[in-house]
Amino acid sequence: MLQLTAFIKLCLLTLIIAGLMYGIYYLNPPQSTASQVEKGKIDISQMLNEPNSIELNGEWLFFYNEFLSDEQIKSRLNSSSHESRYINVPGNWKLNEFELNADPSEGYGTYHLQITTTESKAPLAVKLPVIGIAYRIYQDQKLLSTVGEPGISKEKTHGDYQPQILLLETSSEVFTLTLQVASYEYGWGGLWYPLQIGNAQTIFQEQKLSSMNTLFITGFFFAVALYNLILFFLRTLDKLPLIFSLLCITLGLRELVVQDASILNYLASLNLIQLITIEYTSFFLAVPLGCHFFYLTFPQLFDKRVLILSYLVSLLLTVGLLFGGLKSSYLTLVLMQLIAPIFIIYILFIMTKAYFAQQKGSTVLLAGTFALAFCAINDILFAQAFINTGYLASYGLLLFVISQSYMTGIHFTQAFLDSDALASKLKKRNLILENLRRSLESKVKERTNELADANQHLQKLAHSDALTGASNRYGIQSVIDNTQHRFIRGGEVYSVAVIDLDRFKEVNDQFGHDAGDEVLKRCTQLIKLNIRKQDSFARWGGEEFVILLPDTRLEGAMTLAEKIRLVTAQSVTPFNGLEIQITATIGVSEVHKNEDFEQTFKRADQALFTAKDQGRNQVMAGKIKEQ
């Protein structure tokens, strides 16, 4: 009787989830109006009055292995010998349909569409999704935008990931859109997602709503992740909140890079490979983290070997993604899309067993798991063009995380109850341990002080030069990193001076290495006395020193370098009744746009060598290579 009741509840739960998914997909107002392009043409004049944008779906003209302009296309179409060929948009292009022996995903071509509108003063705009993997778009003969570098070969093509909205000219009722698209190495190519056209105000409003939806879901994931991290730090022995937090962080990152790639609003420098790596890696990590969550929730039911297998699969695919290049990214994604449903089915099986076993919280968690499974399978089928529903993973993940949060709450509530039961037992044992603690406390404190002193001594040895007391390369590295970071983020320039003592080997040969050591220490003192408070310097190696001058242009750095050169030349080093005089040659460079410290240092070092060749005892500025 109990099993029959549980089965009836499961059936009702399935109906509720199906209704909820129906509501998410069908009752949620669409942000675009379905339209049909026929034979490379579409009339949108009657659809512009609708409140939504218009998807340019259907048969676009396509010219395989050719980059054609609007005029060239019109000339072709007017030719009696030309046979028009079409390609369905949206969709991954299959170039072997246009040439039998062609690679289905690698190549280039031109998409062309003629659009008829109505005379209107309202500006029009077109929303371009991610297009694989590089393209140029024209309105009639006018170039509107270029993303990446589309070329006629793999070597000449460089992809990029840049959804965008472009304003269109509305002076004519009939105009054309021409896209020259190229894709190599990546497994997908062409217009994967629909292009949307409409009044500019409508397009920007839809984009705003889409961004708000993404930020809401992402913010929810990160908020849940933070909450569970707090729970974990409150009770570190329980790994469930940690795993759940990592899962939420992974899902939040994935939400920022899919579809509109909202992460580009904050990290605009990310390129195609980096975005694909973030998107796919987050997918690969979500599978084992999800399995780990269920393993910790139902350890008696979930087979540990399945958990280990999920991590191994994720590790292998992630390594293939990171080291296999753009080509392997497509293959690893397809493999995970084939493997992930197997783990999802296993999780559903475990959840069903937990439900019939009347495990606490299993009903709510099963509901969320069913929702996620439905949406995940839908997205995999949609991505492979088997169905035309749209992406639902965000909604499924939202419901799944809510159900998991409920389960985590139950888990922690039970844990706190168990803790209270153990508290009385622990109180007695704590009295015994307290006496032991007091006896050990003094020994631990003494040992801690010894270790602290030893660590402080080791830290000093690691960061400073034993002979001169100046910083060494390792010691100045953190200053270099911070200075470079300020340059990248705020444009605060800096300069680098590389100092080399002239004929230092002759000092060692003539007076001995002890004399050379005294010269190095004397030069260190001179540099320290003549640099500014905000400057940093280090002994770079041998008789070479480096000065890092933050917020300093080349002119100021040259002035300081000349000052150090003069005081070095005018100073002597006393040694065993002798006075040793030495000079210094200095190379100086100022960091420039798109340079890092190593490149700036290299220019200064090259200037140093040039100055050495020209007679030593001088200051020379590093040159910038012409682009």
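Please read all numbers here as calculations on a predicted model, not as lab measurements. (Residues numbered from 1 in each chain as written. Predicted model: local features only at pLDDT ≥ 70, side-chain atom pairs only at ≥ 80, totals over all residues. Heavy atoms only, no water.)

1. Regarding the packing of aromatic side chains
To describe a pair of aromatic rings, one takes the distance between the centres and the angle between the planes.
And step 1. Enumeration over the complete set of coordinates arrives at 21 aromatic pairs.
And step 2. A ring pair is formed by Trp60 and Tyr111, whose centres lie 6.3 Å apart and whose planes are at 80°; its orientation type is edge-to-face. Of this pair, Trp60 sits in strand β4 (residues 58-64) while Tyr111 sits in strand β6 (residues 107-116); the two residues are 51 residues apart in sequence, bridging distant segments of the chain.
And step 3. Judged by relative accessible area, Tyr111 falls into the buried class, the value being 0%.
And step 4. The structure contains a cluster of three or more aromatic residues connected by ring pairs, namely Trp60, Phe62, Tyr64, Trp93, Phe98 and Tyr111.
And step 5. The ring of Phe67 is capped by Arg136, whose NZ or CZ atom sits 5.4 Å from the centre of that ring. (Phe/Tyr/Trp six-rings, centres within 6.5 Å; stacked < 30°, edge-to-face > 60°. Helix = DSSP H or I, 4+ residues; strand = E, 2+ residues; numbered from the N terminus. Buried < 20%, exposed > 50% of the residue type's maximum accessible area, 1.4 Å probe, protein only. Lys NZ or Arg CZ within 6 Å of the ring centre and 35° of its normal.)

2. Observations regarding the sheet that holds strand β15 (residues 544-550)
And step 1. Here we have five strands laid out as an open sheet, ordered β14-β15-β13-β18-β19, and mixed in their pairing. At either end of the open sheet lies a strand with only one pairing partner, and these are β14 (536-541) and β19 (619-621). Geometrically, the sheet is characterised by an average inter-axis angle of 20° between neighbouring strands, direction not taken into account.
And step 2. Here strand β18 (residues 584-590) pairs with β19 via three bridges, running parallel. Residue pairing across strands places Val588 opposite Ala621, the latter belonging to β19. (Pairing = 2+ DSSP bridges. Axes fitted to C-alpha atoms, helices over the stretch in contact; angles between N-to-C directions.)

3. Thoughts on the nonpolar core
And step 1. If you look at the biggest cluster of nonpolar residues, it comprises 59 residues, and the most contacted ones within it are Tyr186, Tyr280, Phe294, Phe302 and Met336.
And step 2. Those elements giving two or more residues to this core turn out to be α3 (200-234), α4 (240-257), α5 (272-297), α6 (304-356), α7 (362-383) and α8 (393-463).
And step 3. With 16 residues, the top contributor of residues to this core is α6.
And step 4. In this structure, Phe294 is in contact with Phe302, Ile347, Met351, Leu365, Thr369 and Phe400, ignoring residues within four places of it in sequence.
And step 5. Among the nonpolar cores identified, the runner-up in size contains 36 residues, and Ile54, Val89, Val181 and Ile197 belong to it. (Core = buried A, V, L, I, M, F, W, Y, C linked by side-chain atoms within 4.5 Å. Contact = heavy atoms within 4.5 Å.)

4. What about the packing of α5 against α6?
And step 1. It is the contact of α5 with α6, at a shortest axis distance of 9 Å, that shows an interaxial angle of 20°. The pairing of α5 with α6 is recorded here as roughly parallel in orientation. Considering the relative orientation of α5 and α6, their crossing is left-handed.
And step 2. For the contact of α5 with α6, the residue count by class is 26 nonpolar, nine polar and one charged. (Parallel < 35°, antiparallel > 145°, perpendicular 65-115°, else oblique. Left-handed = near helix turned anticlockwise from the far one by under 90°. Nonpolar A, V, L, I, M, F, W, Y, C, P; charged D, E, K, R; others polar.)

5. Quick look at the side chain of Asp535
And step 1. Looking at where Asp535 falls in the secondary structure, it is placed in the loop between α11 (513-530) and β14.
And step 2. Looking at Asp535, its side chain comes within polar contact range of the side chain of Arg532, at 2.7 Å.
And step 3. Non-local contacts of Asp535, meaning those with residues more than four positions away in its chain, are made with Ile547, Leu548, Leu549, Pro550 and Leu560. (Polar contact = N/O pair within 3.5 Å; in protein donor to acceptor, adjacent residues only side chain to side chain.)

6. With respect to the pattern of salt bridges
And step 1. In this structure the tally under the stated criterion is 16 salt bridges.
And step 2. Of the charged contacts, one joins Asp502 and Lys612 as a salt bridge, the two residues approaching to 2.7 Å between their closest N and O atoms. Of the two residues, Asp502 sits in the loop between β13 (494-501) and α10 (504-511) while Lys612 sits in helix α13 (residues 597-613), which places them 110 residues apart along the sequence. Of the two residues examined, Asp502 and Lys612, each falls in the buried class.
And step 3. Where Arg503 meets Glu506, a salt bridge forms, and the shortest distance between an N and an O atom there is 3.8 Å.
And step 4. By relative accessible area, Arg503 is classed as partly exposed at 46%.
And step 5. For Glu506, a relative accessible area of 45% translates into the label partly exposed.
And step 6. The network of salt bridges with common partners includes Asp500, Asp502 and Lys612. (Salt bridge = Lys/Arg side-chain N within 4 Å of Asp/Glu carboxyl O.)

7. Comments concerning the confidence of the model for the protein chain
As a note on interpretation, predicted positions should not be read in detail where pLDDT is low.
And step 1. Summarising the model, the protein chain shows a mean pLDDT of 84, and 89% of its residues fall at 70 or more.
And step 2. In this model residues 1-11 is a low-confidence stretch, pLDDT under 50, and it forms 11 contacts with partners more than four residues away in sequence or in other chains.
And step 3. Counting interchain partners and residues more than four positions distant, the pLDDT-below-50 stretch residues 24-31 has 15 contacts. (pLDDT = per-residue confidence, 0-100.)

8. Quick word on the packing of α3 against α4
And step 1. One way to put it is that α3 packs onto α4 with a least axis distance of 8 Å and a crossing angle of 160°. Comparing their axes, α4 and α3 come out roughly antiparallel. Where α3 crosses over α4, the handedness of that crossing is left-handed. Contact with α3, carried on its side by Thr214, Ile217, Thr218, Phe221, Phe222, Val224, Ala225, Asn228, Leu229, Leu231 and Phe232, involves Pro241, Leu242, Phe244, Ser245, Cys248, Ile249, Leu251, Gly252, Leu253, Glu255 and Leu256 of α4 and no other residues of that element.
And step 2. Of the residues in the contact of α3 with α4, the class split is 16 nonpolar, five polar and one charged.

9. Re unusual backbone geometry
In terms of backbone geometry, most residues other than glycine have negative phi values and most peptide bonds are trans.
And step 1. The amide bond that connects Val89 to the next residue, Pro90, takes the cis arrangement and shows omega of 0°.
And step 2. Along the chain, Pro90 falls in the loop between β5 (86-89) and β6.
And step 3. Of note in this structure, Arg503 is not a glycine but carries a positive phi near 50°.
And step 4. Its location among the elements puts Arg503 in the loop between β13 and α10.

10. Points about empty space enclosed by the protein
And step 1. By the definition in use, this model includes two cavities of 30 Å³ or more.
And step 2. Approximately 40 Å³ is the volume attributed to the largest cavity.
And step 3. Taken together, Ile499, Leu501, Cys523, Leu526, Ile527, Phe545, Ile564 and Thr568 make up the full set of residues lining the largest cavity.
And step 4. Contributions of two or more residues to the lining of the largest cavity are made by β13, α11 and α12 (554-570). (1 Å grid on protein atoms, 1.4 Å probe; cavity = no way out; pocket = protein on both sides within 12 Å on 5 of 7 lines; lining within 4 Å. Points joined across faces, edges and corners; volume = space filled by probe spheres on them.)

11. Description of the environment of Val588
And step 1. Note that Val588 resides in strand β18.
And step 2. The exposure class assigned to Val588 is buried, which follows from its relative accessible area of 0%.
And step 3. For the pair Val588 and Gln606, spaced 18 residues apart in sequence, the C-alpha separation works out to 9.3 Å.
And step 4. Sequence-distant contacts of Val588, defined by excluding residues within four places in its chain, comprise Val496, Ala497, Leu554, Ala557, Met558, Ala561, Ala604, Val619, Met620, Ala621 and Gly622.

12. Description of the pairing of strand β16 (residues 572-575)
And step 1. Residues of β16 alternate between two faces, with Thr573 and Phe575 buried on one and Val572 and Pro574 left unburied on the opposite face.
And step 2. Judged from the four bridges that link them, β16 and strand β17 (residues 578-581) form a sheet pairing that is antiparallel. Counterpart to Pro574 in the pairing with β17 is Glu579.

13. Section: α13
And step 1. For α13, spanning 17 residues, the distance from its first C-alpha to its last is 24 Å, which sits close to the expected 24 Å at 1.5 Å a residue.
And step 2. Those residues of α13 that fall on the buried side of the exposure criterion are Phe597, Thr600, Phe601, Arg603, Ala604, Asp605, Ala607, Leu608, Ala611 and Lys612.
And step 3. Buried-residue contacts for α13 involve α9 (473-490), β13, β14, β15, β18 and β19.
And step 4. Capping the start of α13 is the job of one residue whose side-chain oxygen sits 3.3 Å from the backbone nitrogen of Glu598: Asp596. (Expected span 1.5 Å × (residues − 1).)

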